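Below, each chain spelled out in residue letters.
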Amino acid sequence: MPALVVWEPLLAAGDDLHLLSVIRICLYLAEIALVIPITYYVVTNTHDPSPFVKFGCVRSVDTFHNWKIMAEAMCIFTIIGSVIATVISFAICRVSRRGTPTDTAPRRLLVPLCKCNMVPVLLMKFTVLVLVGIITFSTNKYCSCVQNSLGLDDEVVGRNACPAAREWFEMVRVFLFMLAFDVFVPIVLFFCILKSRASRRLFRNVRPQREKAAEDDYRWWQRCCQTCCECSSLMTCYMFGGQRITAARYVDVAIALTAFFEDRGALDIVPSDVAAALVCLMTIQRQKQIDCRNELLKEGGGIYAKDKKFFGKLWSTMKVSKVNSRRQQQKLLSMDIESGISKQNDEPKVSGSKQQHFEEAVDKQSLSDCEQRDEVESNDLLQTHTSSSNNLTDEELADVLAMLNSSDNEILSNVRFNEERQDGEMTFRPTVRRKLDAENSFDRQVLSEGARYCRVALAAYSWMMYLWTSRCIGCCELSAITLCELCMCRPRYCRSRDHIKGDNLCAWKQTSVLKTLGIEERDFLFANFRNAVNVCPYIVLVDRRCRNILIVIRGTLSFEDMISDVTINPDPLDEVGEEFGFDGIGEFCHRGMLEAAKYVYDDMEARKVLHNAFEDHPEFNLRIMGHSLGAGVAAVLGLMMRKEYPQLRCLCFSPPGCVFTERTAKESKEYIWAYVLHNDIIPRLSYQSLANLRNDVIEMIARIKVPKHQVFAKNMRFRSESNIQDPSKILHERESIPQSAFYSQFSDYMERQKGREKHEVLQVRMICPGKICQLYRTSEKLNNVPCSPIIMCLKCIPATLGLARTQKYTVLWTEAEDLSEICISSSMMSDHFPYNVARALQVAAEAVGVFDIKTTEINSNEDMQEGEKKRS
């Protein structure tokens, strides 16, 4: 910043020329290294010109010697020109290293140096290129004439007489290629500058002093989105859809992008400035994560989950069933203790209701784990749920301030101040982050259901995710099943499949779900795999072991889903609330997710899917779940169906951060559990968080106090945590940002943004729904994430030997306000991958002993037989 002006503003700043100058210096040195031996061979070697004259290839011997003298002079001239260009490039490199992105005074010599490098040096290089090309072409022509005249039998004579047939002449061809590259790239840039200058003058004459209309920006973004989507669909052979997306579907996306990037030319920023600001922001965030992780490890307690190595997992699978039964009894006793029930048999005074509750709990020791968890859903657990809430009321604010004045570090370590902006003013509200307790029955239930049903949400991605998670043999398994059915003359596409919509010809989508969950086809009640914009595929299953009806909604997998994701315009919930019986006055919801939830609800009602399911299983409960986009749709669908099914629960894995407005999101804590893995970007993604990231990046550019190349050199090499640079060494404090032209531009830009926030609908604040459970990675390596099964085979040997790193997590209850900042990290996308989320939840559940190996299969044969006996 600002953009370098060489007759016209460029897409690069002055401090971006450092790397380019180094490349050009290396290129010039290589040219000099080639020209010096070429000059030596041209000067020292003597060629007999008689064959050229004898066969008429050269007029006379003097002509040949004149060409040789011209070649010698050309070589010396090239060496001198390369040395001059090297000196100029070295000067540009030194000057471009001065100053900061906003302090351009030390780099004021760059403009004359660049003009000198672009005009005189470029003309000299172009002249050399033309002359060397003529000499090379003439030499090749004369040598071809001699060799053709001598014939093939005298080829050796021609090679001795012709310099172009010798080995050192190959260096001339390489030099010619390097020189052409060095000349034509600046020429193209020079003509682009001239074209931009001419078009700008013509534009000023046609429409003087007229700014580009917002409608033009909107249309440009619409064309860009459409072109990008169409090209991506074509390159992926339409495997991920995109062929039925019309131009009208990009309207909302274009409006949002236009509003987000509109600055009316106020900011003078180049792409490298944004990259440097992101690197600085990532450094600050990593330092915060390290401090937070160290605090969590210092505090201890809670659930400290560790991904076991090979032998540890093998030992856990070989445990006898008696240990599991004892663990269940201990779990039941702990639940009764939390419910306020006395466990002393010699207690003489016990109320009748407590004694009856105790006897019922003892009689239910033979029930399955899921049935015991259903019994835990009592008023006592609701009290536990309510008591674990992180919000502090206004009445408790005085108590929090008293705690701040105390010296109780154990309490202070859990108190966090969340930033809230209201009417342009910034306030801080204290909240408490509580670790999940392995002895708390509610926390154990949350982890147990999360680990169990995240595999179900993973299965909703059908055959693509099955191929990813089945260690390269999934394609063979699905193909073998299809061939076996064909050999038995019972292919799936020939059967009556009214309960399956949108499956492919080989029925791989249904087959992959059955294989992933280990269920029979009778537990597969309904599936609609059709996909379009605001139309999400979903599955309805029966979980007989936990006595639940499951509605599983698939997340983002196609280009149509991406359009649904970015349709972020908030829709009011007033009419929806009147229709489905909840208070939606003044509340808003993500438009794409609301439309998708309405589609799922109407489709199930038209086919009476849930009506038939609960007729066959009247004692079952309802669970709605999904991952990513499916999690947001599941949250909205749960809001719509909660009046009809009061006992339903929604399990949202990595939900988007812009589903409901604040009041509806807080009310959804009663029936929605959300799971977030470490730095996952999707739960932090909203229009407000993106706008805050944009503003932070622009402010970070003004705060940089070192040259840009130092930012990249010292902060892009995170070999270990000790190498992370102190942010105070590269950034000014917010209160001490020096005045500059860019800082004035930034101040004016922020003033205009505040005026726009009052009038834009996109400024409606929407947050992540439900009660949020975050798995915070506390490994020594912050970005150590579970790997894919496809490459897991490469790590099996060091993992078996105990040489591989393990993943460690601390599980926390967190608030949506804690997820308001986007964390720039290399793992922010991999933490959203459904397989990694399922793996992390499995690790956390194993840490408290609530994860069973059988949970990978929803309905085992023994569970189905027991269920049939209970119904009979």
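Since this is a predicted model, take the numbers as computed values, not measurements. (Residues numbered from 1 in each chain as written. Predicted model: local features only at pLDDT ≥ 70, side-chain atom pairs only at ≥ 80, totals over all residues. Heavy atoms only, no water.)

## Here's the deal with the overall build of the protein
Here is step 1: A tally of helices and strands in the protein yields 34 helices and 19 strands.
Here is step 2: In the protein, 78% of the contacts between residues at least 6 apart in sequence involve partners at least 24 apart.
Here is step 3: A total accessible area of about 43,500 Å² is found for the protein, and carbon and sulfur atoms account for 58% of it. (Helix = DSSP H or I, 4+ residues; strand = E, 2+ residues; numbered from the N terminus. Contact = heavy atoms within 4.5 Å. Areas by Shrake-Rupley, 256 points an atom, 1.4 Å probe, with all protein chains shown as cover.)

## Focus on the environment of E587
Here is step 1: The residue E587 is located in the loop between α23 (574-580) and β12 (588-590) in this model.
Here is step 2: Judged by its relative accessible area of 7%, E587 is buried.
Here is step 3: For E587 and T661, which are 74 residues apart along the polypeptide, the C-alpha to C-alpha distance reads 6.0 Å.
Here is step 4: Each residue touching E587, except ones within four places of it in the same chain, is listed here: D571, P572, L573, D574, T661, E662, R663 and T664.
Here is step 5: A distance of 2.4 Å separates polar atoms of two side chains, one belonging to E587 and the other to T661.
Here is step 6: Among the polar contacts listed, one links the side chain of E587 to the side chain of T664, at a separation of 2.9 Å. (Buried < 20%, exposed > 50% of the residue type's maximum accessible area, 1.4 Å probe, protein only. Polar contact = N/O pair within 3.5 Å; in protein donor to acceptor, adjacent residues only side chain to side chain.)

## Side note on a negative patch on the surface
Here is step 1: On the surface, a cluster of negative charge is contributed by D574, E575, E578, E579, D602, E605 and E644.
Here is step 2: Only α23 and α24 (591-607) provide two or more residues apiece to the negative patch.
Here is step 3: A per-element tally of the negative patch places α23 first, with four residues.
Here is step 4: Within the element layout of this structure, E605 appears in helix α24. (Patch = residues over 30% accessible without salt bridge, like charges linked within 9 Å, V, L, I, M, F, W, Y side chains within 5 Å. Salt bridge = Lys/Arg side-chain N within 4 Å of Asp/Glu carboxyl O. Lys, Arg positive; Asp, Glu negative; His and termini not counted. Charge placed at Lys NZ, Arg CZ, Asp CG, Glu CD.)

## What to know about the packing of aromatic side chains
Here is step 1: Per the counting criterion, the structure on display carries twelve aromatic pairs.
Here is step 2: Summarising the aromatic geometry, the rings of F442 and W673 are spaced 5.5 Å apart at their centres and angled 90° between planes, so their arrangement reads as edge-to-face. Here W673 lies in strand β16 (residues 672-677) and F442 lies in helix α18 (residues 441-459), a separation of 231 residues in the sequence.
Here is step 3: Of the residues examined, F442 reaches a relative accessible area of 4% and is grouped as buried.
Here is step 4: Residue class for W673 comes out buried when judged on its relative accessible area of 2%.
Here is step 5: Between the NZ or CZ atom of R694 and the centre of the ring of F260, over which it lies, the distance is 4.9 Å.
Here is step 6: The aromatic ring of W813 is capped on one face by K771, whose charged end is 4.2 Å from the ring centroid. (Phe/Tyr/Trp six-rings, centres within 6.5 Å; stacked < 30°, edge-to-face > 60°. Lys NZ or Arg CZ within 6 Å of the ring centre and 35° of its normal.)

## What about helix α33 (residues 834-847)?
Residues lying three or four places apart along an α-helix face the same way, a consequence of the helix completing one turn every 3.6 residues.
Here is step 1: Between its terminal C-alpha atoms α33 stretches 20 Å, which fits the 20 Å expected from 14 residues at 1.5 Å a residue.
Here is step 2: Of all 14 residues that make up α33, 13 are buried, and the element is covered over most of its length.
Here is step 3: G849 sits one or two positions beyond α33 and adopts a positive phi of about 75°. (Expected span 1.5 Å × (residues − 1).)

## Section: α24
Here is step 1: Taking 1.5 Å of rise per residue, the 17 residues of α24 would be expected to cover 24 Å, and the 25 Å separating its terminal C-alpha atoms lies within 8% of that figure.
Here is step 2: Turning to α24, its buried residues are G592, M593, L594, A596, A597, V600, Y601, D603 and M604.

## Looking at the pairing of strand β9 (residues 538-543)
On any regular strand, side chains alternate: one points to one face of the sheet, the next to the other face.
Here is step 1: Extensive coverage of β9 is indicated by the burial of six of its six residues.
Here is step 2: Where burial is concerned, the two faces of β9 agree: the one with Y538, V540 and V542 and the one with I539, L541 and D543 are both buried.
Here is step 3: Bridging between strand β8 (residues 524-528) and β9 involves four bridges; their strand directions are antiparallel. Its bridge partner being in β9, F526 is matched across the sheet by V540.
Here is step 4: Here β9 folds back onto strand β10 (residues 548-553), and the loop between the two strands holds four residues, one of which, R547, carries a positive phi near 60°. (Pairing = 2+ DSSP bridges.)

## A word on unusual backbone geometry
Here is step 1: Its identity is not glycine, yet C237 carries a phi of approximately 55°, on the positive side.
Here is step 2: Here C237 shows up in the loop between α8 (214-235) and α9 (251-261).
Here is step 3: Backbone geometry places Y238, a non-glycine residue, at a positive phi of 60°.
Here is step 4: Here Y238 is to be found in the loop between α8 and α9.
Here is step 5: Taking the relative accessible area as the measure of exposure, Y238 reaches 38% and is therefore partly exposed.

## Observations concerning the environment of Q287
Here is step 1: Relative to the helices and strands, Q287 resides in helix α10 (residues 271-299).
Here is step 2: A sequence separation of 440 residues divides Q287 from P727, and the C-alpha atoms of the two residues are 8.5 Å apart.

## With respect to the pattern of salt bridges
Here is step 1: The final tally for this structure, using the stated rule, is 24 salt bridges.
Here is step 2: D523 serves as the salt-bridge partner of R544, at 2.5 Å between the closest nitrogen and oxygen. Note that R544 is positioned in the loop between β9 and β10 and D523 in the loop between α21 (508-517) and β8, a separation of 21 residues in sequence.
Here is step 3: Under the relative-accessibility criterion, D523 is labelled buried at 0%.
Here is step 4: Across the pair E670 and R642 runs a salt bridge, and its minimum N-O distance is 3.1 Å. Taken as a pair, E670 in the loop between α27 (662-667) and β16 and R642 in the loop between α26 (629-641) and β14 (649-653) lie far apart in primary sequence, 28 residues in all.
Here is step 5: Residue class for R642 comes out partly exposed when judged on its relative accessible area of 29%.
Here is step 6: A single network of salt bridges, built from pairs that share partners, joins D15, D16, D273 and K708.

## Section: the packing of helix α19 (residues 462-469) against α21
Describing two packed helices takes the angle between their axes plus the distance from one axis to the other.
Here is step 1: Across the interface, α19 lies against α21 with an axial gap of 7 Å and an inter-helix angle of 45°. With respect to their mutual orientation, α19 and α21 come out oblique. Classified by chirality, the crossing of α21 by α19 is left-handed. In this structure, α19 uses S462, W463 and Y466 to contact α21, whose residues at the interface are W508, K509, S512, K515 and T516.
Here is step 2: Counted by class, the contact of α19 with α21 contains three nonpolar, three polar and two charged residues. (Axes fitted to C-alpha atoms, helices over the stretch in contact; angles between N-to-C directions. Parallel < 35°, antiparallel > 145°, perpendicular 65-115°, else oblique. Left-handed = near helix turned anticlockwise from the far one by under 90°. Nonpolar A, V, L, I, M, F, W, Y, C, P; charged D, E, K, R; others polar.)

## Digging into the confidence of the model for the protein
Here is step 1: Of the residues in the protein, 68% have a pLDDT of 70 or more, and the chain-wide mean is 75.
Here is step 2: This model gives residues 202-211 a pLDDT under 50, and the stretch forms two contacts once residues within four places in sequence are excluded.
Here is step 3: Low pLDDT, under 50, characterises residues 308-368; the stretch is placed with 47 contacts to residues that sit more than four places away or in other chains. (pLDDT = per-residue confidence, 0-100.)

## Structural notes on the side chain of T567
Here is step 1: Position of T567 relative to the elements: it lies in the loop between α22 (559-566) and β11 (570-572).
Here is step 2: Taking relative accessible area as the criterion, T567 reaches 5% and is therefore assigned buried.
Here is step 3: If we ignore the near neighbours within four places in the chain, the residues touching T567 are D252, H590, R591 and G592.

## Section: the packing of helix α3 (residues 61-96) against helix α4 (residues 110-118)
Here is step 1: Relative orientation of the contacting elements α3 and α4 amounts to 155°, with a least axis distance of 10 Å. Relative to α4, the element α3 lies roughly antiparallel. By crossing handedness, the relation of α3 to α4 is classed as left-handed. Residues I88, S89, A91, I92, V95 and S96 of α3 pack against L110, L113, C114, C116 and N117 of α4.
Here is step 2: Its residues assigned to classes, the contact of α3 with α4 comprises eight nonpolar, three polar and no charged.

## Thoughts on a nonpolar patch on the surface
Here is step 1: Together, F126, V130, L131 and I134 make up an exposed nonpolar region whose accessible area comes to about 300 Å².
Here is step 2: Within the fold, V130 resides in helix α5 (residues 120-150).
Here is step 3: A residue is classified by how much of its surface remains accessible, and V130, at 36% relative accessible area, is partly exposed.

## Details of a positive patch on the surface
Here is step 1: A surface patch of positive charge is lined by R94, R97, R98 and R108.
Here is step 2: Residue class for R98 comes out partly exposed when judged on its relative accessible area of 41%.

## So, the nonpolar core
In globular proteins that are soluble, nonpolar side chains generally tend to be buried together.
Here is step 1: Judged by nonpolar contacts, the single largest core of 53 residues is most densely connected at M604, L622, L637 and M641.
Here is step 2: Looking at this core, the element that brings in the most residues is α26, giving ten residues.
Here is step 3: Discounting residues that sit within four places of it in the chain, L637 has contacts with I551, I553, A597, V600, Y601, M604 and I624. (Core = buried A, V, L, I, M, F, W, Y, C linked by side-chain atoms within 4.5 Å.)

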